[in-house]
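Spelled out, the chains give:
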Amino acid sequence: MKFRAVIYYLSRLLFIIGGCALLPIVVGWIYQEAEPMRRFLISASVFFLTGLIFYVLGSKAKDEIIGLREGFLLVTLGWFITSLLGAIPFYLSESFRSFTDAFFESTSGFTTTGASVIADVESLSKSLLFWRDFTQWIGGMGIIVLAIAILPQLSIGGMQLMKSEMPGLSIEQLKPRIKQTALSLWKIYVLFSILQVGLLYLFGMPLFDSICHMFGTMATGGYSVRNASIAAYDSTAIQMIITFFMFIAGTNFVLHYAVLKGNFLKVIQDTEWRFYVGLLALGFLVITVDLQLQANLPFLEAARLSIFQTLSITTTTGFATADFDAWPHLSRGMLFLLMFVGGCAGSTGGGLKQVRLLLLFKRAKQSILQHIVPKAVISVKVSKRVIPESILLGISSFFLLYIVIFSLCTLFLLVFNIDFVTATSAVVASLSNVGPGFGAVGPTLTYAFFPPAVKLFLCFCMIIGRLELFTVLVLFFPQAWRR
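K.L.:
Help me understand the nonpolar core in this model?
P.N.:
Nonpolar side chains in soluble globular proteins generally cluster together in the buried interior. In this structure, M218, L413, Y447 and F450 are the most contacted members of the largest nonpolar core, which totals 140 residues. A total of nine residues in this core trace back to one element, the largest contributor, which is helix α1 (residues 3-20). Leave out the neighbours within four places in its chain, and F450 touches L413, I418, T422, A426, V441, K455 and L458.

K.L.:
I keep staring at the environment of T271 and nothing clicks. Help me out?
P.N.:
Mapped onto the elements, T271 comes out in helix α15 (residues 271-294). According to the relative accessible area criterion, T271 is buried, its value standing at 14%. The contact partners of T271, leaving out residues within four places of it in the chain, are L358, K362, V382 and S383.

K.L.:
Explain the environment of G437 to me, please; I cannot follow it from the model alone.
P.N.:
You can see G437 is positioned in the loop between α20 (420-431) and α21 (452-466). Judged by relative accessible area, G437 falls into the buried class, the value being 0%. Contact partners of G437, with chain neighbours within four places excluded, come to F324, M339, S425, G442 and P443.

K.L.:
How should I be thinking about the packing of aromatic side chains in this particular structure?
P.N.:
Scanning all chains against the criterion turns up 34 aromatic pairs. Measuring from centroid to centroid gives 6.1 Å for F110 and W131, while their planes differ by 80°, and the two rings are edge-to-face. Separated by 21 residues along the polypeptide, F110 in helix α6 (residues 99-110) and W131 in helix α7 (residues 126-141) bring together distant segments of the chain. Like F110, the residue W131 is buried in the burial classification. Ring geometry for F340 against F406: centres 5.2 Å apart, planes inclined by 80°, an arrangement best described as edge-to-face. One end of the pair, F340, is in helix α17 (residues 329-341); the other, F406, is in helix α19 (residues 389-415), and 66 residues separate them in sequence. Chaining the aromatic ring pairs together yields one cluster made of F324, F336, F340, F398, Y402, F406, F438 and F470. The residue whose ring lies beneath R226 is Y233, and the NZ or CZ to ring-centre distance is 5.1 Å.

Rules and cut-offs
- Residues numbered from 1 in each chain as written.
- Predicted model: local features only at pLDDT ≥ 70, side-chain atom pairs only at ≥ 80, totals over all residues.
- Heavy atoms only, no water.
- Core = buried A, V, L, I, M, F, W, Y, C linked by side-chain atoms within 4.5 Å.
- Buried < 20%, exposed > 50% of the residue type's maximum accessible area, 1.4 Å probe, protein only.
- Helix = DSSP H or I, 4+ residues; strand = E, 2+ residues; numbered from the N terminus.
- Contact = heavy atoms within 4.5 Å.
- Phe/Tyr/Trp six-rings, centres within 6.5 Å; stacked < 30°, edge-to-face > 60°.
- Lys NZ or Arg CZ within 6 Å of the ring centre and 35° of its normal.

Here it is, written out as structure tokens:
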């Protein structure tokens, strides 16, 4: 394990995030918030100072090429340290009861989970609200992908890093060089971000609110600057704009690249995207009908609430336009199941990913058919490509591991005498980076009541969920540390 090389690359990452921590100072200057500006200056200095220490310790290894094992360690430490130092502005603001709460809020932001310990977000300063939402936007496309796009040194070994961080089964290289691929992904991300801010502002949302809600939408994070989340604006147009961009954020960004290049056919032919649309349609229809029959809502009102919340939960964004924990049992059950699924591979959404669920279904169908015709050779295909057996086995392993971790984490929360509904939904909301759950962590409530040990444990769940389990878990095996 090349520890010095890992430390060196971590230093460069901290310099980048430190630069990002200077942006809230601009917001503080605009809104004349002197004390928050001072706190962010201190926070950015800590990022730069830590980065400088790491740079000195690892400078002798700056020309070393990192391998897969170093990539796992770099990505895991990068997310943990960024979340840890990102908590400093929250802690210095004195709006959080402890550093544990500040760390929870920071981790939830960078991992785009959107779970919060703050009941009255409107009491926070504008600069802190900006940082809180901006952490999501940084984490949405990935802090390592951002570093690869900016730092030429990370172009070598960059594919290993992107595979460790980016969600899904594989990364499709859009350009000959991995740095160009990372840069292309960020350009698309920024383009959609600018477009959403413009539309939200055009339809009546204040500019500051538009920017912050764009951060939460494109990153599928879900932090809002209003206590009532999107419901506070009472605007169908705003809800539909956010609904559309949640759908965009939950789609594979490789498909967005294809569309921008004029290849619309690639989207239609993509099996995962069609499965994604079909699952959203199923969720929408079930919840709409259930709200009509059980909650006696008019069709248009039921449809509006259903389409927004179905997309918000499926894409793991976590915005709310209603207290869905008060909905009928079938609607709540449907949303709970959708929490596990998440967005498409290569999107900013969390969860298992649509393609994994799709391949699990296809694998089950293959097994059934082979029971009927034992000698038949039946392959599993996605978008006309035959999926190798190794990938299918990997998906089965991932699914089993996900369910085992979900079960063990739920049992851990039950030890603290937390009710079953709250425990299960808090765990899946953390692992899938959804944010709000059910019971005591419903959309109108917070995670503040959890004891510190549970909050730290859920932070771990958020990070391993964001990095899709294997990246973090391999570090617990001695083989990962051997030369």
